[in-house]
Amino acid sequence: MDERYDLIVIGSGAAGEKGAAQAAYFGKRVVVVDRSEVVGGTPATTGGIPTKTIREAALYLTGFRRREIYGVGLDLPPEISLQRIRARSQELVRLTTDTVRENLDRHGIELVRGDARLRPDRSVDVHGETRRILKGEVVLIATGSRPFRPATVPFADPAVDDSESILEIEAMPRSLVVIGGGPVGCEYASLGAALGVEVTLIDAGQRLLPFMDAEISRLLAEAFARVGMRLVLGQGGATIAREQGELTVTLADGEIIRPERVLFAAGRAGNTEGLGLAEAGIQVDDRGRIVVDDRYGTSAEGIYAAGDVIGPPALASVSMEQGRVAICHAFGIPFKETVDPLPPYGVYSIPEVGMVGLTEEAAAAAGIAYEVGRGWFGQNARARIAGTTDGLVKLVFAREDRKLLGVHVMGDVASELVHIGQAVLHSGGAIDRFIHTTFNVPTYAETFKYAAYDGLQRLQGRPVRAPGSS
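This section reports on the structure supplied with the text. Worth saying up front: this structure is predicted, and the values here are computed from it rather than measured.

What follows covers the sheet that holds strand E12 (residues 239-243). What links the strands of a sheet is backbone hydrogen bonding, and the strands pair in either a parallel or an antiparallel sense. The three strands are arranged E12-E13-E14 in an open sheet whose pairing can be described as antiparallel. Of all strands in the sheet, those bounded by a partner on one side alone are E12 and strand E14 (256-257). In this structure, strand E13 (residues 246-250) lies alongside E14, joined through two bridges in antiparallel fashion. Bridge pairing in E14 places Val-249 opposite Ile-257.

Mapped onto the secondary structure, Arg-117 falls in strand E4 (residues 115-119). Judged by its relative accessible area of 35%, Arg-117 falls in the partly exposed class. Sequence spacing of Arg-117 and Glu-279 is 162 residues, and the spatial spacing of their C-alpha atoms is 9.8 Å. If we skip the residues at most four places from it in the chain, Arg-117 touches Ser-123, Val-124, Asp-125, Gly-274, Leu-275, Gly-276 and Glu-279. Within the structure, the side chain of Arg-117 is placed 2.5 Å from the side chain of Glu-279, a separation counted as a polar contact.

Now for empty space enclosed by the protein. Within this structure, the stated rule accounts for two cavities of 30 Å³ or more. Taken as a whole, the largest cavity encloses approximately 250 Å³ of empty space. If you go around the largest cavity, you meet 16 residues; those closest to its centre are Ile-166, Ile-169, Met-172, Leu-191 and Leu-195. Of all elements in the fold, only helix H5 (78-106) and helix H6 (183-194) reach the threshold of two or more residues within the lining of the largest cavity. Here the lining of the largest cavity is composed, by residue class, of 13 nonpolar, one polar and two charged.

Strands sit in the order E18-E19-E22-E21-E20 across an open sheet of five strands; the sheet is antiparallel. Both outer strands of the open sheet, strand E18 (345-347) and strand E20 (370-376), are each paired with one neighbouring strand and no more. Taking the axes of each pair of neighbouring strands and ignoring which way they run, one obtains an average angle of 10 degrees across the sheet. As defined by bridge partners, E20 adjoins strand E21 (residues 392-398) across seven bridges and the pair is classed as antiparallel. Bridge pairing in E21 links Gly-375 to Val-393. Helix-sheet contacts for helix H7 (residues 214-226) involve strand E19 (352-357), E20, E21 and strand E22 (404-411), and the interaxial angle to E22 is about 5 degrees. In this fold helix H11 (residues 414-426) packs onto E18, E19 and E22, with an angle of close to 170 degrees to the strand it touches most, E22.

Glancing now at the packing of helix H3 (residues 48-62) against H6. Two numbers describe how H3 lies on H6: the axes approach to 10 Å, and their chain directions differ by 20 degrees. The orientation of H3 relative to H6 falls into the category roughly parallel. H6 is crossed by H3, and the crossing has left-handed handedness. Where H3 approaches H6, its residues Thr-51, Lys-52, Ile-54, Arg-55, Ala-58 and Thr-62 are matched on the opposing element by Glu-187, Tyr-188, Leu-191 and Ala-194. Its residues assigned to classes, the contact of H3 with H6 shows five nonpolar, two polar and three charged.

Criteria and thresholds
Residues numbered from 1 in each chain as written. Predicted model: local features only at pLDDT ≥ 70, side-chain atom pairs only at ≥ 80, totals over all residues. Heavy atoms only, no water. Pairing = 2+ DSSP bridges. Helix = DSSP H or I, 4+ residues; strand = E, 2+ residues; numbered from the N terminus. Buried < 20%, exposed > 50% of the residue type's maximum accessible area, 1.4 Å probe, protein only. Contact = heavy atoms within 4.5 Å. Polar contact = N/O pair within 3.5 Å; in protein donor to acceptor, adjacent residues only side chain to side chain. 1 Å grid on protein atoms, 1.4 Å probe; cavity = no way out; pocket = protein on both sides within 12 Å on 5 of 7 lines; lining within 4 Å. Points joined across faces, edges and corners; volume = space filled by probe spheres on them. Nonpolar A, V, L, I, M, F, W, Y, C, P; charged D, E, K, R; others polar. Axes fitted to C-alpha atoms, helices over the stretch in contact; angles between N-to-C directions. Parallel < 35°, antiparallel > 145°, perpendicular 65-115°, else oblique. Left-handed = near helix turned anticlockwise from the far one by under 90°.

Right, here's the structure in full:
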């Protein structure tokens, strides 16, 4: 017998949970189908929450970046550090997945566990403990993504990990090669360095985080090098093998590195296998990502998709909004019509990086006459007190009217600070807004004021202070 719902959501991650809750809030009968034993998807179980928790736990337990100030640091045996870090991470994963489940329950959303496959006329065949055929007026595909595992990488080797399997390691390695200079690679590489691991970060590109402002990428690389990390950039095609019982990574120039472990962190792949997309008439691109229109509708009537499964930017924050917007369009709910065109990006490396709006390179490519202003944390009292003086706030703005175009932050709590710039960007404001705003002193946030002053000095051709000067 068919079971009828207004909405069937496949996947309980960021896009799925928020899309389901949006529909239920407006009185729709909703069911969520998920194959996992726990809800929440990658952000809650193997991505955002556990990795960021591990980062904070590692910084606390090691006193990293504070030792040079106070001359002391906590020196726990590696096995104790790892044990306590994992315990804290698992605790936060439980809290987060419980919160997701409570949200579904609060909205009266049914949860069905099993593998889902699309059938004609927006039916979903679910194979779990029992088989169920669900019929929906609307279907939202929000199955998320997983780490990309190319056939050339020997993941069968117990010392070769992706960004999920490395969470299960039993012992801290003495040395680690990270392949991939994107957000995940930078986060894990800097975390390893903070824990005292000898880290080599390899990427085929000429710089880290290629979507970021080039200056920020360079400064992050310099910060990594200062804590002893080795960066090998511009060398693709690294080969991983085990020779005479020893793990080896051979670079394109012939150099051989012999680490204890390797982390391959270059890209993710959408979870679309077994969904029956072709039979349902759903178009995918050449990388297997579901193709959607500006309302997140697929090529099949009444079927929508959101989150990582449709490709970049693959941010949990954006995925949540995509799920909500898709549902509003699907049911004609006059609430959310578009996703924020200026989403912030945050990379939780050590130090953090955040951005919103245009980079210098993007402004130049658009033919905009622009200028920049920089406020360095080396000149900021709060950063000096905390001992986190790496980095800066960088403003990109139009020369003609000083209108803010982009904000780029590297340093402690960069992922938080970037929202100050986002608010001004949304209002169409100029950098003068920062100058006329009163910030608490001492705070990291007041660096925005000095970045704006720096920008005005550049416009007027006046001398500006060098990085780290008083």
